Amino acid sequence: MPSKSWPETPCSEKCADGRITGRTGSITMGVVFASFLISTLGLGLCLLTWTYRQWSAYKSDAVLIREAAENGARAGQAALDEILAGRPFPLILAEGEYEALRAATLAGETDAVAAALGTGLPLTAAETAGGWEWSSETEFRSVRVADSESFFGAAFAATIEARGRLSRRPQNKRTALDLGLSLMAGRVPLSSFPFLLAGENGPENAAALLAEGRVVLAPPESGSASPLPAAAGLPLIPTDPEPLVAEALRIKIFSPDKLTVLQLRRALGLPLVDEPVPDGVYLAVSEAVPGGIFIQGDVDEMILAAGDGRQHLQVRLEEGLWRMIFSPAEDVLEMTGPDGIPSLGRAPLPVVLINGSVASLGGGLIETDGTLSLTDSPDAPSLLAGLSLTLVSAGEIVISTHLIQDGVRWKDGIPYLKDASTQLFIYASGRDLVTGARADGRIRVAAEAPAGLHLQASLTARDGVRLEGTRHEVTVSGGLQASGLETAGALLTIRPDDRLTSDLADGAGSPRAAVPVLFISGREILQWTDR
Amino acid sequence: MRKRAEDRSPGFSLLEALLSLTIFFLIFAGSLEFFGTARRVFFRLLSRQENHQAAWAALDRIRSDVLLAGRGLVRPMRLGIVAPAEEAGGRWVLVRAGAAPVLTAGPRAGETTVAVAGANPDWAGKTLCLYDRTRGEKAVILEAVGGILTLSSPLDCDYRIPEASAAVLQTTSLFLDAGQGVLRRKSDSSSAQPLLEDVHSFTFIYDSETCLAEARLSLASAPEEFHALKILARNALLGKMR
């Protein structure tokens, strides 16, 4: 039975042999098409997956490359820190070296930095870790120079340029870390050193004290980087307080000449006879500008106090009691001697020369009769706000109570100087100011002193500092420079005064280093910058 | 016999044709369903991917802002004058130094003007931060003309050159415009620009102790799915380093 639904299609020549190719070929084509379709879809999915993975990998690699670049900057900074930690600051300079460094620094060169770091510039560092690679280059440039008569301070800006990459990718990323570095060179003010041991076995002693935790170098109040401790095997503490003596007495002493009795008597307005100056308290007289205060003889008790906008100073000698009340702002002085008769005058130069020792120094309370009495209270200000006072002694100075500056802010039991412009320098020279005879140039904290003693001062002692007693926790807000330090079980915390450690500090009132030195006075990380 | 054989040889029978058509339609319908599903999945994935990218781009922008927070303000941060990131009125404000004018004279306490080299009039309305190693303060700049910055309030302290430094603060605010579902970023006094749209939630946390910042957001299209970023504010951290 015919069952054709449409007429027969004539057979083509290709199927002349009788094979009906269309039937088997359609299945083949269908399979090919399906395979193509599935393959296309599969390949498309594979391509999408690959693209997605590439994009994801790029995202994660971008983060890793950025991290590698940051590692480069960190490595550069670590290399700089390592160099600084390994340098024996302060470095002793020959006069010629100092002059050369000074000239180069004034010309804007970075020779002083290279000398301080002991290496050529720029600093380079490169490391690899796993598939990470990073490198850095640290360059310095001069920012400012403060040139003084016998020293200079300079600030430099450093940029650590870092590159980081992954070994599997050609791309790299750059980042930069900006730093500030300051240094001082020459016969620098010793107050620039928050902690300096300079003398026989100075480096070893300093290292032991710091390692044992008997001395703690706290961060400055500004929160910047902790200063580097300084130590030297050479005696940097000056053996001759002559510059400060000449300044206080308003006279010129030409080296190698020394102060003579006649010069001293003339400066103090005493009869010009060749006899020693009698024990007592004197004012240096000067026609133009008032001089400082001169004390001849051993002082039994010296009390400092601030009140009513004036500085009070009371000195007890065997010969009697002297009281001085002065105000630099008002340029007035009221001085009362053992005879009890007050005399008025102009405010003295705030330098007190003591040609003897001080058996007890501390802050006091102002009694109703105007006399001062030592107090253990840390709330009593010892030094008038805005006053920069220097005490120079020939012999030993014993500190009995707190020395707190006026205008400080107390926070957590610690006096902060942030808003204060006051400074106190205490210098035991170990040398008779007139005869030049050797004396005991030591500063001692008395065993009877308050347990939590606060000294806001810069202490300089030719023959060392000794903390007596066993329960002391002494905090020095300022600095300590000495040939040695005996803590006797006490804990000494030194909190540097930013004003003194600044490369711009003029160092007025502070003794200067005996020989030219070079040291890094400050370093600070300033900011990250992506390139 | 021969003719009969010739009649049967080529062509499809009705049964074959119907069968093939049925198979074809089944395959076609299956393909349509497959492609329809694939299309829906593709567009869903595409939308999700676009959302991911948009969220990632927004978080990357926030990352840049966090990395810059506190830049150039190490000392003011140490002195506690400037916080690199703080919340104010529901907005997170990130602060950095936008410019560092060079002081030409030491600013004096009680004065309302500061002499600088090259005052930019655009600084008007911004905040000036004056500081040295031990102290500092902030004041709004009313006018910046001819090398003189006029401040909104008298200065509290005296400053000496070259110890003193100055910085014009640049602020970036981040906040969620909940009404429109838009995460916005506002730089200084300019208008708030949309950073990401279709936002369901946004939280920003900054730990001032660790200087770690965390931003989390979710989109309205997938509110249960959070995009997060946790990053160390490295410039802010410098203000804590000793």
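Quick caveat, the model's predicted, so the values are computed rather than measured. (Residues numbered from 1 in each chain as written. Chains lettered and ligands numbered in written order. Predicted model: local features only at pLDDT ≥ 70, side-chain atom pairs only at ≥ 80, totals over all residues.)

**With respect to the environment of B:Ile81**
Consideration 1: If you trace the backbone, B:Ile81 turns up in the loop between helix 3 (74–78) and strand 1 (85–88).
Consideration 2: Each residue touching B:Ile81, except ones within four places of it in the same chain, is listed here: B:Pro76, B:Cys129, B:Tyr131, B:Gly136, B:Glu137 and B:Lys138. (Helix = DSSP H or I, 4+ residues; strand = E, 2+ residues; numbered from the N terminus. Contact = placed C-beta atoms within 7 Å.)

**Concerning the domain arrangement of chain A**
Residue and element names in this part refer to chain A.
Consideration 1: Segmenting chain A into domains produces domain 1 (61–187) and domain 2 (202–514).
Consideration 2: Using only C-alpha atoms to locate each centre, domain 1 and domain 2 end up separated by 38 Å.
Consideration 3: If you look at the interface, domain 1 gives 15 residues, while domain 2 gives 11 residues.
Consideration 4: Elements with a minimum of two residues in the side of domain 1 that touches domain 2: strand 4 (151–166) and strand 5 (172–186).
Consideration 5: Across the side of domain 1 that touches domain 2, the residue classes tally to 10 nonpolar, four polar and one charged. (Domains from an automatic or database assignment. Nonpolar A, V, L, I, M, F, W, Y, C, P; charged D, E, K, R; others polar.)

**Considering the sheet that holds strand 11 (residues 199–207) of chain B**
Residues and elements named next belong to chain B.
Consideration 1: Ordered in space as 11-12-13, the three strands form an open sheet in which the pairing is antiparallel. Sheet topology places strand 11 and strand 13 (222–232) at the edges, where each strand pairs with a single neighbour. For this sheet, the mean angle separating the axes of adjacent strands, direction not counted, is 10°.
Consideration 2: For strand 11 and strand 12 (residues 212–219), the ladder comprises eight bridges, and the chain directions are antiparallel. Bridge pairing in strand 12 places Phe204 opposite Ala215.
Consideration 3: Along the sheet face, helix 2 (residues 14–68) touches strand 12 and strand 13 and points at about 30° away from the line of strand 13. (Pairing = 2+ DSSP bridges. Axes fitted to C-alpha atoms, helices over the stretch in contact; angles between N-to-C directions.)

**Some remarks on the sheet that holds strand 5 of chain A**
All names here are of chain A.
Consideration 1: With antiparallel pairing, the six strands of this open sheet are ordered in space as 1-31-5-4-3-2. Looking at strand neighbours, the two that pair on one side only are strand 1 (91–92) and strand 2 (123–129), the edges of this open sheet.
Consideration 2: Bridge count between strand 3 (residues 132–147) and strand 4: 15 bridges; the pairing is antiparallel. The partner of Phe140 across the bridge, within strand 4, is Ala158.

**Let's talk about the nonpolar core**
Consideration 1: Among the nonpolar cores identified, the biggest contains 186 residues, and A:Leu183, A:Ala185, A:Leu353, A:Leu518 and B:Leu128 are the most heavily contacted of them.
Consideration 2: If one sorts the elements of this core by residue count, strand 4 of chain A sits on top with eight residues.
Consideration 3: Two domains each provide a minimum of three residues to this core, namely domain 1 (61–187) and domain 2 (202–514) of chain A.
Consideration 4: With residues up to four places along the chain from it excluded, the contact list for A:Ala185 reads A:Leu93, A:Tyr98, A:Leu101, A:Arg102, A:Ala112, A:Phe151, A:Phe152, A:Pro516 and A:Leu518. (Core = buried A, V, L, I, M, F, W, Y, C linked by C-beta atoms within 7 Å. Buried ≥ 20, exposed ≤ 12 C-beta atoms within 10 Å, placed from the backbone.)

**What about helix 4 (residues 202–211) of chain A?**
Residue and element names in this part refer to chain A.
Consideration 1: The complete set of buried residues in helix 4 reads Gly202, Ala206 and Leu209. The buried residues of helix 4 occupy an angular sector of 65° when projected down its axis, which confines them to one face. Residues of helix 4 that are exposed and point more than 90 degrees away from the buried face comprise Glu204, Ala208 and Ala211.
Consideration 2: Lining the buried residues of helix 4 we find strand 6 (195–198), strand 7 (215–217), strand 8 (230–232) and strand 29 (485–486).
Consideration 3: Of the residues flanking the end of helix 4, it is Gly213, one or two places downstream, whose phi is positive at about 75°. (Arc of directions from axis to C-beta.)

**Considering the pairing of strand 8 (residues 165–177) of chain B**
Residues and elements named next belong to chain B.
Consideration 1: Inspection of the sheet shows strand 2 (residues 91–99) paired to strand 8 by seven bridges, in the antiparallel sense. What sits directly across from Leu94, in strand 8, is Thr172.
Consideration 2: Sheet topology places strand 8 next to strand 9 (residues 182–187); six bridges connect them, and they run antiparallel. Directly across from Leu176, in strand 9, lies its bridge partner Leu183.

**Here's the deal with the pairing of strand 5 (residues 127–131) of chain B**
Residue and element names in this part refer to chain B.
Consideration 1: The element strand 5 is extensively covered by neighbouring structure, given that five of its five residues are classed as buried.
Consideration 2: With burial as the criterion, each face of strand 5 is covered, one bearing Thr127, Cys129 and Tyr131 and the other bearing Leu128 and Leu130.
Consideration 3: Once strand 5 ends, the chain turns through four residues before running back antiparallel as strand 6 (residues 136–145).
Consideration 4: Sheet topology places strand 5 next to strand 8; four bridges connect them, and they run antiparallel.

**Let's talk about the confidence of the model for chain A**
Consideration 1: Of all residues in chain A, 93% have pLDDT values of 70 or greater, and the mean over the chain is 88.
Consideration 2: Mean pLDDT per element in chain A: strand 22 (residues 414–416) of chain A is the minimum at 71, and strand 20 (residues 397–399) of chain A is the maximum at 97. (pLDDT = per-residue confidence, 0-100.)

**Focus on unusual backbone geometry**
Consideration 1: Residue A:Pro122 is reached from A:Leu121 by a cis peptide bond, and omega for that bond is 0°.
Consideration 2: Considering the arrangement of structural elements, one finds A:Pro122 in the loop between helix 3 (111–117) and strand 2.
Consideration 3: The linkage connecting B:Ile161 with the following residue, B:Pro162, adopts the cis geometry, with an omega of 5°.
Consideration 4: By the element assignment, B:Pro162 lies in the loop between strand 7 (148–151) and strand 8.
Consideration 5: Phi at A:Arg250 takes a positive value of approximately 55°, unusual for a residue other than glycine.
Consideration 6: Considering the arrangement of structural elements, one finds A:Arg250 in the loop between helix 5 (242–249) and helix 6 (261–268).
Consideration 7: In this structure, A:Ala488 takes a positive phi of about 50° despite not being glycine.
Consideration 8: Here A:Ala488 is to be found in the loop between strand 29 and strand 30 (491–496).
Consideration 9: Taking the C-beta count within 10 Å as the criterion, A:Ala488 has 13 such neighbours and is therefore assigned partly exposed.

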